[in-house]
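The chain contents come next:
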Amino acid sequence: GTSSTPIGNSTSRAFRGTFDGNNHTISNLNLSASASAQALFGYTNGAEISNLTVRGTNQGTYQSAGIVGNATNTVIYNCVNYVTFSVSSYQRGGIVGSATGCTINECTNNANFTASYGSGGIVGEATNTEITDCINNGNLTTASYNIGGIVGRLLTSSTISGCINYGTITTT
């Protein structure tokens with residue numbers, strides 16, 4: 001299929017608006033670039049993203065995800081990921097690759113993937129971020145460390161509450 005380009009494909013062009021998916025599904029997302037911050041939204045800053053399901057494939061590297069690759073001061077809720085990853089990389093998350101100053105609520109990851117350092121079913125790496133009522137159903141395979149069903153690497157002032165991990169983590 002045709003290759004997709006992330007919305008907000010650089011820090012200087014970060015998505016800063018509100019996106020309400022109105023409970024629709026974006027299918028056949030094909031992120032074929034071997035680059036960082038590959039997701040439906042590559043970079044966000046001060047954004048709000050909600051009520052969305054994504055399906056497709058992602059060949060992105062560092063900070064790649066289904067919904068947002070690199071999120072700053074962003075609210076993400078009621079989002080579901082089915083995007084699968086074909087390349088193992090670090091700071092990978094089903095919903096967000098790297099989150100700083102974010103609120104992530106009621107999101108679900110259903111994709112299985114192979115990951116390395118700082119990767120998680122919901123968020124790869126979280127700093128000053130609240131993650132609540134999220135579910136990971138995806139299985140993660142790794143030969144690395146800082147891998148988690150919900151978050152791979154939880155940093156400064158971040159919290160996880162009411163989340164459930166049903167996925168398995170397998171080391172190789």
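Our structure's up above, just so we're on the same page.
Residues numbered from 1 in each chain as written. Predicted model: local features only at pLDDT ≥ 70, side-chain atom pairs only at ≥ 80, totals over all residues. Heavy atoms only, no water.

Quick look at the nonpolar core
- Judged by nonpolar contacts, the single largest core of 28 residues is most densely connected at Ile-67, Ile-76, Val-96, Ile-104, Val-123 and Ile-131.
- No other element matches strand β3 (residues 48-58), which puts three residues into this core.
- Val-123 has contacts with Arg-92, Gly-93, Val-96, Gly-97, Ala-99, Ile-104, Ile-131, Ile-150, Val-151 and Gly-152, leaving out every residue within four places of it along the chain. (Core = buried A, V, L, I, M, F, W, Y, C linked by side-chain atoms within 4.5 Å. Buried < 20%, exposed > 50% of the residue type's maximum accessible area, 1.4 Å probe, protein only. Helix = DSSP H or I, 4+ residues; strand = E, 2+ residues; numbered from the N terminus. Contact = heavy atoms within 4.5 Å.)

Details of the sheet that holds strand β15 (residues 140-142)
- Taken together, three strands build an open sheet; the order of strands is β10-β15-β20 and the sheet is parallel. The open sheet has two free edges, formed respectively by β10 (113-115) and β20 (169-171), since each of these has just one partner strand. On average, adjacent strands in this sheet sit at an angle of 25° to one another, irrespective of strand direction.
- Where β10 and β15 come together, three bridges link them in parallel fashion. By the bridge assignment, Ala-115 is partnered in β15 with Thr-142. (Pairing = 2+ DSSP bridges. Axes fitted to C-alpha atoms, helices over the stretch in contact; angles between N-to-C directions.)

A closer look at the packing of aromatic side chains
- Per the counting criterion, the structure on display carries five aromatic pairs.
- Taking the centre distance of 4.9 Å and the plane angle of 65° together, the rings of Tyr-117 and Tyr-145 count as edge-to-face. On the criterion of sequence distance, the pair formed by Tyr-117 in the loop between β10 and β11 (119-120) and Tyr-145 in the loop between β15 and β16 (147-148) is long-range, its members being 28 residues apart.
- Taken together, the ring pairs connect Phe-15, Phe-19 and Phe-41 into an aromatic cluster.
- In this arrangement the basic side chain of Arg-55 is found over the ring face of Tyr-82, its NZ or CZ atom lying 3.8 Å from the centre. (Phe/Tyr/Trp six-rings, centres within 6.5 Å; stacked < 30°, edge-to-face > 60°. Lys NZ or Arg CZ within 6 Å of the ring centre and 35° of its normal.)

So, unusual backbone geometry
- Not every positive phi belongs to a glycine, and Gln-63 is a case in point at roughly 60°.
- Within the element layout of this structure, Gln-63 appears in the loop between β3 and β4 (68-72).
- A positive phi angle, close to 55°, is found at Asn-146, a residue other than glycine.
- Take Asn-146: it is sitting in the loop between β15 and β16.

Some details on the sheet that holds strand β12 (residues 123-127)
- Overall, parallel pairing links the five strands, which are arranged β2-β4-β7-β12-β17 in an open sheet. Each edge of the open sheet carries a strand with a single partner, namely β2 (41-45) and β17 (151-154). Going from strand to strand, the sheet's axes swing by 10° on average, the running direction of each strand aside.

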